[in-house]
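Given next are the chains, with one letter for each unit.
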Amino acid sequence: VGEGKMGRKMMSPSAVISAPPRVLVVSRAFVRKNKMVDFVGEYHLELLVRFGACPIIVPRVEGIADMLDSFEPIHGVLLIEGQDVDPTRYGDASMEDADVADRDGAQWRKLHASDTELDSSKDDIEFELARRCIERRIPFLGICRGAQVFNVANGGSLFTDVESELGSVHGNARVCHVDYTNYDAHRHPVELVPRTPLHSWFNFLPELSVNSYHHQGVKRLAPRFEPMAFAPDGLIEAYWDPLCFSPKDGEFAMGFQFHPERMRDSNGQLEFEGCAKVYEAFATACRVYERRALNCAMREIEASMEVERARRLRTLQVFTRSNTSEGCHNAKLSAILKRPRSATVHGAVDALSLLETQCMDVVDMLSVDATAATTS
């Protein structure tokens, strides 16, 4: 950052080009030592940094949803685990389809007490970020709750409690989707859908054993998405948007119910290369999106600078007409305002600096001529 001639803070061109893409990650609430704290799992952050993205943690506190413009520019959004999504967001609060004896859900709410307390601040923040991703095609990756949020934001719905609703409604084999006695080691199989990115990342395996930490899940998949994996009970474990997936073009829209970042062996190493490839592809899309957005912004700025430059030239020419040395002034103005400009990708920064220099040179020129006229 430097100072322009007129005192304006300016980013150096190298800073503009070398900055990594900004990926927003919303924290989750946790009670520690009787105090509420916010945190983000380190595995997410480590993988983002490994593949060249800069994680920007968004605190899930009241009021932040109204301040999200302060976190711009946004080049990617990663939504991760947290408490249950408020059922009123997808219209299934009454659990009318659940064939359970306890209609008010007291049993499963007690069983999943750490997740069933709603977090309206986190909901507000994440649904607003999801809306921006949808409108601007910002690369999006959803893990666990994040996949549920994005599905609902795009018009889908959720099972309020998977094991209470899915097994009885569909009559399929029951699957344990969360095991509190064997939390990180618990696995269940998923069938990978052929000709999907997930199938490719995991070396075209027909089936994969994944971790599972949830009691909500995708019920009605939003129309824009297609499944990439199914649990034996029919639950969608991963989805994508085939029309918004091309990392090399800055496009990525995908959700996982399981946690690729936490599928690790006893030494803390990822069990499959495909787990890292999820984050690598996402970071690639964010990087390309950033460059595309930057180039677009540069073109808009340069166009506005050309308009401003022409306006100032007209104004200065009118101003000099009252001076007896008009021809001399116009020649000087032409020389000043026709100086060559950098054609690099950071030309807008150069253009702003040049315009400030041009203005100061014109002021200096007029001051010198005015002083000469006075002394003569």
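Structural data are supplied above this passage.
Residues numbered from 1 in each chain as written. Predicted model: local features only at pLDDT ≥ 70, side-chain atom pairs only at ≥ 80, totals over all residues. Heavy atoms only, no water.

Along the chain, L79 turns up in strand β7 (residues 76–79). Residues L79 and L24 lie 55 residues apart in sequence; the distance between their C-alpha atoms is 8.1 Å. Ignoring anything within four residues of it in the chain, the contact list for L79 reads V26, E126, L129, F140, L141, G142, I143, G146 and V149. (Helix = DSSP H or I, 4+ residues; strand = E, 2+ residues; numbered from the N terminus. Contact = heavy atoms within 4.5 Å.)

Attention shifts here to the side chain of N151. Topologically, N151 is positioned in helix α6 (residues 145–153). Classification of N151 by relative accessible area gives buried; the value is 0%. Within the local environment of N151, its side chain forms a polar contact with the backbone oxygen of S157, the two atoms lying 3.1 Å apart. If near-sequence neighbours (up to four positions away) are discounted, N151 is found in contact with G156, S157, L158, V218, R220, L221, A222, F225 and Y239. (Buried < 20%, exposed > 50% of the residue type's maximum accessible area, 1.4 Å probe, protein only. Polar contact = N/O pair within 3.5 Å; in protein donor to acceptor, adjacent residues only side chain to side chain.)

Within strand β14 (residues 236–240), 5 of the 5 residues are buried, which leaves it mostly tucked inside the rest of the structure. Here strand β13 (residues 226–230) pairs with β14 via 4 bridges, running antiparallel. In the strand pairing of β14, E226 is matched with W240. Taking the residues that link successive antiparallel strands as the turn, the β13-β14 hairpin has 5 residues, and the phi of G234 there is positive, at about 95°. As paired strands, β14 and strand β15 (residues 253–256) are joined by 3 bridges and run antiparallel to one another. Within β15, the position partnered with Y239 by the bridge is G255. (Pairing = 2+ DSSP bridges.)

Now for the sheet that holds strand β6 (residues 54–58). Spatially, 9 strands are ordered β6-β3-β7-β8-β15-β14-β13-β10-β11 in an open sheet, and the strand pairing comes out mixed. The open sheet has two edge strands, β6 and β11 (207–210), and neither has a second partner. If you compare each strand with its neighbour and ignore which way they point, the axes differ by 25° on average. Summarising the sheet, strand β10 (residues 188–192) and β13 pair through 2 bridges and their orientation is antiparallel. For E191, the partnering residue across the bridge sits in β13 and is F230. Lying over the sheet, helix α2 (residues 42–50) contacts β3 (22–26), β6, β7 and β8 (140–143), oriented at roughly 145° with respect to β6. Where helix α5 (residues 120–136) meets the sheet, its contacts fall on β3, β6, β7 and β8, and the angle it forms with β3 comes to roughly 150°. (Axes fitted to C-alpha atoms, helices over the stretch in contact; angles between N-to-C directions.)

Looking now at the packing of aromatic side chains. Overall, the coordinates contain 9 aromatic pairs when judged by the stated rule. Ring geometry for F202 against F272: centres 5.7 Å apart, planes inclined by 65°, an arrangement best described as edge-to-face. Taken together, the residues span a long stretch of sequence, with F202 in the loop between α8 (197–201) and β11 and F272 in the loop between β15 and α9 (273–320) at a distance of 70 residues. Arranged with centres 5.7 Å apart and planes meeting at 80°, the rings of W240 and F245 form a pair that is edge-to-face. Through pairs of rings, three or more aromatic residues link up here, namely W201, W240, F245, F252 and F282. Over the ring of Y43 we find R264, and its NZ or CZ is 3.7 Å from the ring centre. (Phe/Tyr/Trp six-rings, centres within 6.5 Å; stacked < 30°, edge-to-face > 60°. Lys NZ or Arg CZ within 6 Å of the ring centre and 35° of its normal.)

With that settled, the discussion passes to the nonpolar core. L78, L141, L198, F256 and Y279 are the most contacted members of the largest nonpolar core, which totals 39 residues. Here this core takes 9 residues from α9, the largest share from any one element. If sequence neighbours within four positions are ignored, F256 has contacts with L141, G142, I143, C144, A147, L198, W201, M228, E237, A238 and V278. Counting residues in hydrophobic clusters, the runner-up holds 33 residues, among them L79, V218, C244 and Y289. (Core = buried A, V, L, I, M, F, W, Y, C linked by side-chain atoms within 4.5 Å.)

Within this structure, the stated rule accounts for 19 salt bridges. One salt bridge connects D38 with R60, and the closest N-O pair in it is separated by 3.2 Å. On the criterion of sequence distance, the pair formed by D38 in strand β5 (residues 35–39) and R60 in the loop between β6 and β7 is long-range, its members being 22 residues apart. Residue D38 is classed as partly exposed on the basis of its relative accessible area of 31%. In this structure, the salt-bridge partner of K248 is D249, at a minimum N-O distance of 3.4 Å. Here the residues in one salt-bridge network are D69, E72, E128, R131, R132, E135 and R136, joined through shared partners. (Salt bridge = Lys/Arg side-chain N within 4 Å of Asp/Glu carboxyl O.)

Any link to function would need more than the numbers given here.
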